[in-house]
Amino acid sequence: MLMSSPTGARTRAVRVRRQLPTSPWLFAAPGLLVIGAFILYPFVSTLVNAFTDRRTLIPGEFVGLANFRELLHDDMFWIGLRNSALYVLGVVPALVVLPLLLALLVQKNIPGITFFRSAFYTPVVASIVVVGLIWVWLLDERGLINSLLEAIGVGRVGFLSDQWLLLMSAMAVTVWKGLGYYMIIYLAALANVPRELHEAAAVDGAGAVRRFLTVTVPAVRSTMALVGALSSVAAFKVFSEVYLMAGPSGGPAGEDTTLVMLVQRTGTGLTGRVGYASAISVVVTVALMLLVLRADRRSES
């Protein structure tokens, strides 16, 4: 058996030590490039543009806080902020509670339950454009739901023409599409709840509702905080649902415009006000950070 010389072993050891400091960076380089190109650079660029009067085809000049002062007097900004806040208040409680109840229903191992799990998860993988167009067809003035309401004597309802009904219809679509996603998160959390706790509560005479409130809810409280944070961020930056149902104008007189829709409308096109749209984006980012921090404090408490 051939033995390697001590000199050769030392040479290989020195070569390995010399390679170690750079090797991890070579493995991380592709991911770092993607993060830098698609996350860090757009973030820094948006932050810089927020303090300029840049337009689509004009570089622009530094204007300080002028864009943010203009926001305070822009009625559409306050309408977008109101609608985004209402969206959070309307969507988040439903997406925290309903998927948990749904997870409890499909948690049981009974014949055919796999079909229902797949059915509840199907809207999650469906394209939001397809989902939006289906709901527009259902809720249209001459759509299926209004035809059924007229057939039973209720009359047609302006789901897509009334300001508040349109916003609530978009909320319903968001909740319907997100149920399956958060149901899967709750299923993973419920699998870690010891059955002994439920059995002990049942022995003490606790019914199904009491076991849910005293055993299930405390056990998945951290997961509920996570779902609340995720759904809050998604609801505040909603775009597709409202855009598809309200159109580019944002509903009647633009009263259903959200902040992200306002960014898209203001900053695109040949005459788009990129600087002003960037200022709105900064406000949206700060608001999202505050939502996440608030959810994190609730989770820790």
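The structure presented is a predicted model; accordingly, all values stated were derived computationally and were not measured.

A few points about the overall build of the chain
What the chain contains, in helices and strands, is 14 helices and zero strands. Shown N-terminal to C-terminal, the secondary structure of the chain runs as helices and strands in the order α-α-α-α-α-α-α-α-α-α-α-α-α-α. Overall size of the chain, expressed as C-alpha extent along the three principal axes, is 95 × 70 × 40 Å. Out of the 301 residues belonging to the chain, those deemed buried represent 36%. A total accessible area of about 18,300 Å² is found for the chain, and carbon and sulfur atoms account for 69% of it. Within the chain, the 17 negative side-chain charges are centred at a point lying 16 Å from the centre of the 24 positive side-chain charges.

Re the side chain of Thr 266
Here Thr 266 lies in helix α13 (residues 259–267). The exposure class assigned to Thr 266 is buried, which follows from its relative accessible area of 16%. In this structure the side chain of Thr 266 is engaged in a polar contact, spanning 2.7 Å, whose partner is the backbone oxygen of Leu 262. Not counting residues within four places of it along the chain, the set of residues in contact with Thr 266 comprises Gly 272, Arg 273, Tyr 276, Ala 277 and Ile 280.

Digging into helix α8 (residues 163–190)
Here α8 contains 28 residues, and its C-alpha end-to-end distance of 39 Å stays within 8% of the 40 Å for a straight helix at 1.5 Å per residue. Along α8, the helix axis deviates most sharply at Leu 179, where the bend reaches about 40°. In terms of burial, α8 is a largely internal element, 20 of the 28 residues being buried. The opening residue of α8 is Asp 162, an N-cap whose side-chain oxygen sits 3.1 Å from the backbone nitrogen of Trp 164.

So, a nonpolar patch on the surface
A cluster of nonpolar side chains, namely Trp 25, Leu 32, Val 34, Ile 35, Phe 38, Ile 39 and Leu 40, defines an oily patch on the protein surface of about 770 Å² accessible area. Structurally, the position occupied by Trp 25 is in helix α2 (residues 23–49). You can call Trp 25 exposed: its relative accessible area is 61%.

Quick notes on the packing of helix α4 (residues 75–106) against helix α5 (residues 113–125)
It is at 10 Å that the axes of α4 and α5 come closest, and there the two elements cross at 160°. With respect to α5, the axis of α4 lies roughly antiparallel. Every residue of α5 that contacts α4 at Leu 102, Leu 105 and Val 106 is listed here: Ile 113, Arg 117 and Phe 120. The residue inventory of the contact of α4 with α5, partitioned by class, reads five nonpolar, no polar and one charged.

Quick look at the packing of aromatic side chains
Under the counting rule described, the total for this entry stands at six aromatic pairs. Seen from their ring centres, Phe 115 and Phe 116 are 5.4 Å apart, and the 75° between their planes marks the pair as edge-to-face. Taking the relative accessible area as the measure of exposure, Phe 115 reaches 58% and is therefore exposed. A residue is classified by how much of its surface remains accessible, and Phe 116, at 43% relative accessible area, is partly exposed. If you follow Arg 273 out to its NZ or CZ, it ends over the ring of Tyr 276, 4.5 Å from the centre.

A closer look at unusual backbone geometry
Phi is positive for Ala 253, which is not a glycine, with a value near 60°. Along the chain, Ala 253 turns up in the loop between α12 (240–246) and α13. In this structure Ala 253 comes out as exposed when scored by relative accessible area, which is 72%.

Quick notes on the nonpolar core
Counting residues in each nonpolar core, the largest one holds 64 residues, and the members touching the most others are Leu 71, Tyr 87, Val 91, Phe 236, Val 242 and Ile 280. Ranked by residue count, the leading element in this core is α8, at 14 residues. Leave out the neighbours within four places in its chain, and Leu 71 touches Phe 77, Trp 78, Tyr 276, Ala 279, Ile 280 and Val 283.

Concerning the environment of Leu 47
With respect to the helices and strands, Leu 47 occurs in helix α2. Note: C-alpha distance between Leu 47 and Asp 256 (209 residues apart in sequence) is 27 Å.

Structural notes on the packing of helix α6 (residues 128–139) against α8
Contact pair α6 / α8: the axes reach a minimum separation of 11 Å and the direction vectors enclose 135°. Classified by the angle their axes make, α6 and α8 are oblique. Crossing of α6 over α8 shows right-handed handedness. In contact with Ile 128, Val 131, Trp 135 and Leu 139 of α6, α8 contributes Ser 169, Val 173, Trp 176 and Lys 177. A class-by-class count of the residues in the contact of α6 with α8 yields six nonpolar, one polar and one charged.

The rules we used
- Residues numbered from 1 in each chain as written.
- Predicted model: local features only at pLDDT ≥ 70, side-chain atom pairs only at ≥ 80, totals over all residues.
- Heavy atoms only, no water.
- Helix = DSSP H or I, 4+ residues; strand = E, 2+ residues; numbered from the N terminus.
- Buried < 20%, exposed > 50% of the residue type's maximum accessible area, 1.4 Å probe, protein only.
- Areas by Shrake-Rupley, 256 points an atom, 1.4 Å probe, with all protein chains shown as cover.
- Lys, Arg positive; Asp, Glu negative; His and termini not counted.
- Charge placed at Lys NZ, Arg CZ, Asp CG, Glu CD.
- Polar contact = N/O pair within 3.5 Å; in protein donor to acceptor, adjacent residues only side chain to side chain.
- Contact = heavy atoms within 4.5 Å.
- Expected span 1.5 Å × (residues − 1).
- Bend = angle between axes of the 7 residues up to and from the residue.
- Patch = residues over 30% accessible without salt bridge, like charges linked within 9 Å, V, L, I, M, F, W, Y side chains within 5 Å.
- Salt bridge = Lys/Arg side-chain N within 4 Å of Asp/Glu carboxyl O.
- Axes fitted to C-alpha atoms, helices over the stretch in contact; angles between N-to-C directions.
- Parallel < 35°, antiparallel > 145°, perpendicular 65-115°, else oblique.
- Nonpolar A, V, L, I, M, F, W, Y, C, P; charged D, E, K, R; others polar.
- Phe/Tyr/Trp six-rings, centres within 6.5 Å; stacked < 30°, edge-to-face > 60°.
- Lys NZ or Arg CZ within 6 Å of the ring centre and 35° of its normal.
- Core = buried A, V, L, I, M, F, W, Y, C linked by side-chain atoms within 4.5 Å.
- Left-handed = near helix turned anticlockwise from the far one by under 90°.

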